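# Descriptive analysis of the structure
The residues making up each chain are set out below.
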Amino acid sequence: MSIVENLKENIRKEIIKALEANKAEGKLQYGEVPNFVIEVPREKNHGDFAVNIAMLMSKEAKMNPRQIAQLIADKFNQAGTCVEKVEIAGPGFINFYLNSQWLYDVLPLVEKEDSNYGSSDAGKDIKVQVEFVSANPTGLLHMGNARGAALGDALANLLAKAGYSVTKEFYINDTGNQIENFGKSLEARYFQELGHEFPFPEEGYHGKDIIDTVNRIIANEGKAYLDLEQDERRKKLIDIALDEKITAIRTALGNFGVEYDVWFRETTLHDSGAINEVIEQLKEKDLIYEHEGALWFRSSRFGSDDKDEVVVRSNGTPTYFAADIAYHKNKFDRGFDWVINIWGADHHGHVARMKGAVQAVGYNPDNLTVVLMQLVRLFRGGDIVRMSKRTGQYITLMELVEEVGKDAARYFFVLRNPDSHLDFDLDLAKQESSENPVYYVQYAHARICSILSASGEELPIAHKSDLSLLKEKAELDLIRKIADLPDEIAQAAKALEPHRLARYAHDLASNFHTFYNNCRVLTDDHELKKARLGLANATRITLRNVLTLLGVSAPERM
RNA sequence: GUGCCUGUAGCUCAGUUGGAUAGAGCAUCGGACUUCUAAUCCGAGUGUCGGGGGUUCGAAUCCCUCCAGGCACGCCA
């Protein structure tokens, strides 16, 4: 349990004791204690913690909330709680003011836990899988994939920090219609690049990357495929190009700081018979029926989905949805307690039937969470950059990283709630100025490192310093912020919202900059210097840990 | 037409299971470097929280309705 959680828990216990004491004396009537909140008030002068229980009990106790609050405050035993003042305020809040003693325990703890600081065991023994990006391997990664990568990776890091056992997975759609299309496109380019007339398929992939791939094949193997049977030729071209694309995707993600535990190929589900198996299984449960030559899954039986879905086309080939059912069954068969998919919002219509399918194959659909993220609009010079994958007009992840850098890109993507449409300003992201929020945070870290190396003191230092010398408001505010990290992480993990951490990082940096401008660290007062170095070092550790979760580097100099 | 997401300061966005006087950054204006990194700090102004109704001690948050924008409604993925 974190220091802050511990403080809250002690206060909670004493509040309940105070309630019981009042009840025993007949001053207060109630049945169950309502589920009340101990929260950090928005206003600093409302104390360290505020409790809303009096308002919640008002109706049942048939009393004015302020009166109830007063009864609780009267019986509240401060011993062992760090509380030094209790006040009744507003409509009936009980505000608790703490002495700063507890704050001084935070710094040595942070230095001791070091890179582990902020972690918790909230997700202990829970196996969770995060599947993200899973882009079609027929092209390169675009801005939408980049957002998914930044979000998914931060989420996975966050869950791991909160104690979950996390597996990151990329699902490769290496079969199906789009792959056939890919083959036709490759074939057409192959002929064209060798100087032959060849019609380009109507729904083909126009990207230049396809031409580049074909030219590499020609460079290596020349005209070897010209005389093959068409099927054979396409298959060979696909095999080579697919490997190349997957490698390119993996490299681009690697440059973006994203590494996966598992790369899962859709073809394994076809080859192993898993898809046929799951279809048979569903037939036995009468969840599949035939209509106009195709096989349909009764998704309308489940949840809010109102339409059935084709799983096997009338030509006998399974749809992507059939593979997806088998894939999700496979995930749960592997023992994951919680399966998280990150999808673009354009796939939202698929969520209900996917959950229905999970239920149909015998698992609890509540254990599948689909995080939808809205689409990305790219701006350059104040204008929207239009993107289209089909026509090959788009900025790739690789180009993005080259242009604005990994840190800025990841910070920008993870700064916003996945629910909101993201306007990505390329000019802003690559600006090396105060307008760019990522530098604000990194600069705080670099500043600290500079002080620490100039100090001539050995770290860690907080445990051998008199921390009670830290009395300035800026110092106490900063420690308070550092102490919040474990709770921030636990909450962000629970809500699957890594963007909260970006906010936290910014706030923490802000607290540090204020401290820096108010309090000189390398001062002649040796004891004070040591205490402030302890604070600076704990700030460094906290900042670095958060940035690491977000996939942003923490530079030692800038 | 139906479903999902969004609508908060000039701009980009936060807003914690409903909490107190709705907050940041940028932009604008005024201050602070012979001192540990001025990519910083300090100060100043800005709001019918899209409109309207409802629920309650209390609503940006929950419910209804309307308006605006995005997305999805395929034997595509």
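Above this text you will find the structure in question.
What you are looking at is a predicted structure, and each value in this text was computed from that prediction instead of being measured. (Residues numbered from 1 in each chain as written. Chains lettered and ligands numbered in written order. Predicted model: local features only at pLDDT ≥ 70, side-chain atom pairs only at ≥ 80, totals over all residues. Heavy atoms only, no water.)

Take the overall build of chain A next. Counting secondary structure elements, chain A contains 20 helices and 15 strands. Once the C-alpha set of chain A is aligned to its principal axes, its extents read approximately 90 × 60 × 40 Å. Out of the 558 residues belonging to chain A, those deemed buried represent 50%. Sequence separation of at least 24 residues holds for 72% of the intrachain contacts in chain A that already meet a minimum separation of 6. Of the roughly 25,800 Å² of accessible surface on chain A, 45% is carried by carbon and sulfur atoms. Of note, chain A has its 67 positive side-chain charges centred 3 Å away from the centre of its 84 negative side-chain charges. (Helix = DSSP H or I, 4+ residues; strand = E, 2+ residues; numbered from the N terminus. Buried < 20%, exposed > 50% of the residue type's maximum accessible area, 1.4 Å probe, protein only. Contact = heavy atoms within 4.5 Å. Areas by Shrake-Rupley, 256 points an atom, 1.4 Å probe, with all protein chains shown as cover. Lys, Arg positive; Asp, Glu negative; His and termini not counted. Charge placed at Lys NZ, Arg CZ, Asp CG, Glu CD.)

Moving on, we come to the pairing of strand 4 (residues 93–98). Counting buried positions along strand 4 yields five of six residues, so the element is predominantly enclosed. Sheet analysis places strand 2 (residues 49–51) next to strand 4, joined by three bridges and oriented antiparallel. In the sheet register, Val51 faces strand 4, and the bridge partner there is Ile94. Taken together, the six bridges between strand 3 (residues 83–89) and strand 4 define a ladder with antiparallel strand orientation. Looking at the pairing, Ile88 lines up with Ile94 of strand 4. (Pairing = 2+ DSSP bridges.)

In this section: the packing of aromatic side chains. Counting across every chain of the model gives 23 aromatic pairs. Taken together, the ring pairs connect Phe132, Phe170, Tyr260 and Trp263 into an aromatic cluster. Lying over the aromatic face of Tyr30, Lys23 brings its terminal NZ or CZ to 4.5 Å of the ring centre. When the ring centre of Phe256 is taken as origin, the NZ or CZ atom of Arg410, which lies over that ring, is 5.5 Å away. (Phe/Tyr/Trp six-rings, centres within 6.5 Å; stacked < 30°, edge-to-face > 60°. Lys NZ or Arg CZ within 6 Å of the ring centre and 35° of its normal.)

This paragraph deals with the pattern of salt bridges. Across all of its chains, the model carries 35 salt bridges by this definition. Linking Glu457 and Lys529 is a salt bridge whose minimum nitrogen-to-oxygen distance equals 3.9 Å. Of this pair, Glu457 sits in the loop between helix 16 (437–455) and helix 17 (473–483) while Lys529 sits in helix 20 (residues 526–550), and the two are 72 residues apart along the sequence. Classification of Lys529 by relative accessible area gives buried; the value is 14%. (Salt bridge = Lys/Arg side-chain N within 4 Å of Asp/Glu carboxyl O.)

Before going further, it helps to examine the sheet that holds strand 15 (residues 422–425). On the basis of which strands lie adjacent, the open sheet formed by three strands has the order 14-13-15 and mixed pairing. In the strand order of this sheet, the two ends are held by strand 14 (383–385) and strand 15, each with one partner. For this sheet, the mean inter-axis angle between neighbouring strands, taken without regard to orientation, is 40°. Relative to strand 14, strand 13 (residues 376–380) runs antiparallel, the two sharing three bridges. (Axes fitted to C-alpha atoms, helices over the stretch in contact; angles between N-to-C directions.)

In the neighbourhood of RNA strand B, 60 residues make up the surrounding shell, with Arg42, Lys307, Arg416, Tyr443 and Arg447 lying closest. Each atom of RNA strand B within 4 Å of the protein was assigned to sugar, phosphate or base; sugar and phosphate come to 64%. His348 places a side-chain nitrogen or oxygen 2.5 Å from a base nitrogen of RNA strand B. Within the side chain of Arg416, one N or O atom sits 2.4 Å away from a sugar or linking oxygen of RNA strand B. Within the residue set of the surface near RNA strand B, elements represented by two or more residues are helix 2 (53–61), strand 4, helix 6 (177–193), helix 16 and helix 19 (499–518). Looking at the surface near RNA strand B residue by residue, the classes come out as 21 nonpolar, 23 polar and 16 charged. (Near = heavy atom within 4 Å. Polar contact = N/O pair within 3.5 Å; in protein donor to acceptor, adjacent residues only side chain to side chain. Nonpolar A, V, L, I, M, F, W, Y, C, P; charged D, E, K, R; others polar.)

Moving on, we get to the side chain of His513. Tracing the backbone through its elements, the reader meets His513 in helix 19. Residue His513 is classed as buried on the basis of its relative accessible area, which comes to 9%. For His513, the side chain forms a polar contact with the main-chain oxygen of Tyr440, separated by 3.3 Å. When residues no more than four places from it in sequence are discounted, the contact partners of His513 are Tyr440, Tyr443, Ala444 and Arg447.

What follows covers helix 5 (residues 143–161). Helix length check: helix 5, at 19 residues, gives a terminal C-alpha distance of 27 Å against a target of 27 Å (1.5 Å per residue), a fit within 8%. When you tally the buried positions in helix 5, you get 16 out of 19 residues, the bulk of the element. Phi for Gly163, located one or two positions after helix 5, is positive at around 100°. (Expected span 1.5 Å × (residues − 1).)

With that settled, the discussion passes to helix 12 (residues 351–360). In terms of burial, helix 12 is a largely internal element, seven of the 10 residues being buried. Of all the positions in helix 12, only Val351, Arg353, Met354, Gly356, Ala357, Val358 and Ala360 are classed as buried. Buried positions along helix 12 lie against helix 10 (274–284), strand 9 (294–297), strand 10 (309–312), helix 11 (320–333), strand 11 (338–344) and strand 12 (368–373). Looking one or two residues past helix 12, Gly362 carries a phi angle of roughly 100°, positive in sign.

Right, let's talk about the layout of surface pockets for a bit. Computed from the structure, the largest pocket encloses a volume of approximately 1,200 Å³. Along the wall of the largest pocket there are 45 residues; nearest its centre are Ser134, Ala135, Asn136, Asn173 and His347. Elements that contribute at least two residues to the lining of the largest pocket include exactly helix 5, helix 6, helix 9 (266–271), helix 11 and strand 11. Examining the composition of the lining of the largest pocket, we find that five residues originate from one element, helix 5, more than from any other. Among the residues making up the lining of the largest pocket, the classes are represented as 15 nonpolar, 22 polar and eight charged. In this structure, the second largest pocket spans a volume of roughly 1,100 Å³. Every residue lining the second largest pocket is counted, 32 residues in all, and those nearest its centre are Val40, Lys44, Asp48, Arg480 and Asp484. A per-element tally of the lining of the second largest pocket places helix 17 first, with six residues. Here the lining of the second largest pocket is composed, by residue class, of nine nonpolar, seven polar and 16 charged. (1 Å grid on protein atoms, 1.4 Å probe; cavity = no way out; pocket = protein on both sides within 12 Å on 5 of 7 lines; lining within 4 Å. Points joined across faces, edges and corners; volume = space filled by probe spheres on them.)

Let's shift gears to the packing of helix 18 (residues 485–495) against helix 19. Interhelical geometry of helix 18 versus helix 19 gives an angle of 155° and a closest axis separation of 9 Å. Here helix 19 runs roughly antiparallel to helix 18, going by the angle between their axes. Along the contact surface, helix 18 presents Leu485, Glu488, Ile489, Gln491, Ala492 and Ala495, while helix 19 presents Arg500, Leu501 and Tyr504. Among the residues making up the contact of helix 18 with helix 19, the classes are represented as six nonpolar, one polar and two charged. (Parallel < 35°, antiparallel > 145°, perpendicular 65-115°, else oblique.)

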